[in-house]
Amino acid sequence: YKTQVFVYHEGDYYRTRLTHSLEVAQIARSISRVLGLNEDLAEALALAHDLGHTCFGHAGEDALHACMAEYGGFDHNDQALRIVTNLERRYADFDGLNLTWETLEGLVKHNGPALPVKPGKTLGLTTGAFNREFDLELSTFASAEAQVAALADDIAYNNHDLDDGLRAKFLTFDQLRELPLAGDALRAVEARRPGLDSGRLIHEMTRSMIDSMVRDLLAESQRRIALLKPETVKDIRHADQPVIAFSDELLGYDKVLRQFLRTNIYRHYKVNRMTNHARRVVKDLFEMFVNEPECLPDDWRAPPGDVEGQARMAADYIAGMTDRYALREHHRLFDLYSPSL
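What this report covers is the structure whose coordinates are included nearby. Treat the numbers as computed from the prediction; the structure is a model and nothing was measured. (Residues numbered from 1 in each chain as written. Predicted model: local features only at pLDDT ≥ 70, side-chain atom pairs only at ≥ 80, totals over all residues. Heavy atoms only, no water.)

## Focus on the overall build of the protein chain
From N to C terminus, the protein chain includes 15 helices and 0 strands. By its C-alpha atoms, the protein chain is 65 × 50 × 35 Å across when sized along the principal axes. Considering the protein chain as a whole, with its 341 residues, one finds that 50% of them fall into the buried category. In the protein chain, of all internal contacts separated by at least 6 residues, the share reaching a separation of at least 24 is 70%. Here the protein chain displays about 17800 Å² of accessible surface, and carbon together with sulfur accounts for 51% of that area. The positive charge centre, built from 40 side chains, and the negative charge centre, built from 53, are 5 Å apart in the protein chain. (Helix = DSSP H or I, 4+ residues; strand = E, 2+ residues; numbered from the N terminus. Buried < 20%, exposed > 50% of the residue type's maximum accessible area, 1.4 Å probe, protein only. Contact = heavy atoms within 4.5 Å. Areas by Shrake-Rupley, 256 points an atom, 1.4 Å probe, with all protein chains shown as cover. Lys, Arg positive; Asp, Glu negative; His and termini not counted. Charge placed at Lys NZ, Arg CZ, Asp CG, Glu CD.)

## Thoughts on the packing of aromatic side chains
Per the counting criterion, the structure on display carries 4 aromatic pairs. With centroids separated by 5.5 Å and ring planes inclined at 80°, the aromatic side chains of Phe289 and Tyr317 adopt a geometry described as edge-to-face. Of this pair, Phe289 sits in helix 13 (residues 269-291) while Tyr317 is found in helix 14 (residues 307-319), placing the two residues 28 residues apart along the sequence. In this structure Phe289 comes out as buried when scored by relative accessible area, which is 0%. According to the relative accessible area criterion, Tyr317 is buried, its value standing at 13%. Following the ring pairs from residue to residue traces out a cluster consisting of Phe289, Trp300 and Tyr317. (Phe/Tyr/Trp six-rings, centres within 6.5 Å; stacked < 30°, edge-to-face > 60°.)

## Brief notes about the packing of helix 2 (residues 39-48) against helix 7 (residues 144-167)
The interhelical angle for the contact between helix 2 and helix 7, taken along N-to-C directions, is 45°, at an axis separation of 8 Å. Judged by the inter-axis angle, helix 2 sits oblique to helix 7. The interaxial crossing formed by helix 2 with helix 7 has right-handed handedness. Along the contact surface, helix 2 presents Leu41, Ala42, Leu45 and Ala46, while helix 7 presents Glu145, Ala146 and Ala149. (Axes fitted to C-alpha atoms, helices over the stretch in contact; angles between N-to-C directions. Parallel < 35°, antiparallel > 145°, perpendicular 65-115°, else oblique. Left-handed = near helix turned anticlockwise from the far one by under 90°.)

## Some details on the pattern of salt bridges
Under the counting rule described, the total for this entry stands at 31 salt bridges. A salt bridge links Asp174 to Arg177; its shortest N-O distance comes to 3.1 Å. Judged by its relative accessible area of 26%, Arg177 falls in the partly exposed class. Where Glu190 meets Arg177, a salt bridge forms, and the shortest distance between an N and an O atom there is 2.7 Å. (Salt bridge = Lys/Arg side-chain N within 4 Å of Asp/Glu carboxyl O.)

Okay, here's the thing in structure tokens:
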């Protein structure tokens, strides 16, 4: 019940963060197997890469970041590390989960080196504090497995957002015919099996696109590995570029596809309406939990007078909510006639 693109009540069969992460893990494991990498590490990173996302996807994250602006901000990648090193409390001897250094490093650096910080960004509070105690080598690349997980994420959401957009009637097949990758895949399927119903056509098109992107990634990655000739993982981390990558040609196609998705799905008026509603829900909940912490369970209250601590706890509490729970909580707290307080 956490948004990928469509809020849960729009339909039961659109991607959620969970189903998206499972698909990323499947792709990452397949790529890692071909390249002879550690499949378990790649799968763990793929499954964990979106743990820090809030309710309502990026709309919820943007709203929570704005609410937390004077307390260090909010970033879903930093929150993922916070969850697995602090918020999960299962063991008697320590907070967090019992994860390896390589898993934590990959979680933080799967999108590339975290230092130096990119313009307009800051190093997350959790990442900075954790790195001072357990050096994650933030200025280097992550392992090849983490790089695989990051690009498996790109492959999954590009293709499956197209899939969901077609089934939601945000897109038409005619629009896709002019696109690179999608247009080629669509024409090839129609030529091979004319007259397919739309459901089968969507599936055949997207699986063909995934296959093309995976094959390109494998070819380019094998080329880069052959040039680098790495003997240790350190050689991967200190290379002057990622060893797992798409070809320049496919990167150009991917850029066109991302812009198409942004224009036709992510900025669709129905998605914009949801986005605006989501921001209001998150803002209302945050202000309530900071200003009236007695509305929160005891475990989610900071000591009296610790406004910054209470803001962080409120952010943690809201970030953990599903779309469904956030909407119900908002209804309980702000609808004066709600019977379910």
